[in-house]
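Tertiary structure, described
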Amino acid sequence: MATESGTRPHKAGAFDIRLIIALLIGVYGVILTIMGAAFTSDAEIQKAAGVNINLWAGIGMLVVAALFIIWAKVRPLVVPASTETEDTAPAAGE
C-alpha cells in the first residue's frame, strides 16, 4: 500500500481548536481554583451569598477543559489528503 507522503490523511494534532480552547479554559480554571482555595477571605465569601464562587467556577472550568480534551482524543479531526476539488484544480493546459 504505497502512497505519496503528501496525500496521506493525518490528524490535526496540536492545531485542533478544541485543544486550544481547552488550554485557555484550563489555565483560567487553575487560576480561579487556586484563588478560591487559598486567597478568598470569609468576607468575600459572605459578599457572594456564602458561596466560594472562585473555587466553584474554577472547578467547573477544569471539568469543561477536561471534556474538551476527551472530545478531541475520542473524535480527532482528520485533515483531508487533498484539498483540491474540481473547482480549484489547475486546468489541464497549465
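Above: the structure in question.
A short tour of the structure in this document, coming up. Because the structure is a prediction, the values reported are computed rather than measured. (Residues numbered from 1 in each chain as written. Predicted model: local features only at pLDDT ≥ 70, side-chain atom pairs only at ≥ 80, totals over all residues. Heavy atoms only, no water.)

This part covers the overall build of the protein chain. Scanning the protein chain for helices and strands turns up three helices and two strands. Beginning at the N terminus, the succession of helices and strands in the protein chain can be written as β-α-α-α-β. Looking at the 94 residues of the protein chain, the share that counts as buried comes to 15%. A sequence separation of at least 24 residues applies to 74% of the contacts in the protein chain between residues at least 6 apart. As displayed, the protein chain has an accessible area near 7500 Å², and 68% of this comes from carbon and sulfur atoms. (Helix = DSSP H or I, 4+ residues; strand = E, 2+ residues; numbered from the N terminus. Buried < 20%, exposed > 50% of the residue type's maximum accessible area, 1.4 Å probe, protein only. Contact = heavy atoms within 4.5 Å. Areas by Shrake-Rupley, 256 points an atom, 1.4 Å probe, with all protein chains shown as cover.)

Located in the positive-phi region is Ala-49, a residue other than glycine, with phi close to 60°. Looking at the secondary structure, you find Ala-49 in the loop between helix H2 (42-47) and helix H3 (53-74). Residue classification places Ala-49 among the exposed residues on the basis of a relative accessible area of 71%.

Tracing the chain through its elements places Lys-73 in helix H3. The spacing of Lys-73 and Gly-13 is 60 residues in sequence and 9.4 Å in space, taken between C-alpha atoms.

Now for the side chain of Asn-52. With respect to the helices and strands, Asn-52 occurs in the loop between H2 and H3. A distance of 2.7 Å separates a polar atom in the side chain of Asn-52 from the backbone oxygen of Gly-36. Those residues within four positions of Asn-52 in sequence are excluded, and the remaining contacts are Gly-36, Thr-40 and Ile-45. (Polar contact = N/O pair within 3.5 Å; in protein donor to acceptor, adjacent residues only side chain to side chain.)

Turning our eyes to something else, we now look at a nonpolar patch on the surface. Side chains of Leu-23, Val-27, Tyr-28, Val-30, Ile-31, Ile-34, Met-35, Phe-39 and Leu-62 sit close together on the surface and give an oily, nonpolar patch of about 850 Å² of accessible area. You can see Leu-23 is positioned in helix H1 (residues 17-38). Overall, the relative accessible area of 56% leaves Leu-23 in the exposed class. (Patch = residues over 30% accessible without salt bridge, like charges linked within 9 Å, V, L, I, M, F, W, Y side chains within 5 Å. Salt bridge = Lys/Arg side-chain N within 4 Å of Asp/Glu carboxyl O.)

This paragraph deals with H1. Within an α-helix, residues lying three or four positions from one another point in the same direction, as the helix has 3.6 residues per turn. Along its 22 residues, H1 runs 32 Å from first to last C-alpha, staying within 8% of the 32 Å computed at 1.5 Å per residue. Those residues of H1 that are buried lie in contact with H3. (Expected span 1.5 Å × (residues − 1).)

Looking now at H3. Given a rise of 1.5 Å per residue, 22 residues ought to cover 32 Å, and the 31 Å separating the end C-alpha atoms of H3 matches this to within 8%. For H3, every residue scored as buried is listed here: Gly-58, Ala-65 and Ala-72. Down the axis of H3, the buried set is contained in an arc of 50°. They therefore lie on one face. Away from the buried face of H3 by more than 90 degrees, exposed residues Ile-53, Trp-56, Leu-67 and Val-74 are located. (Arc of directions from axis to C-beta.)

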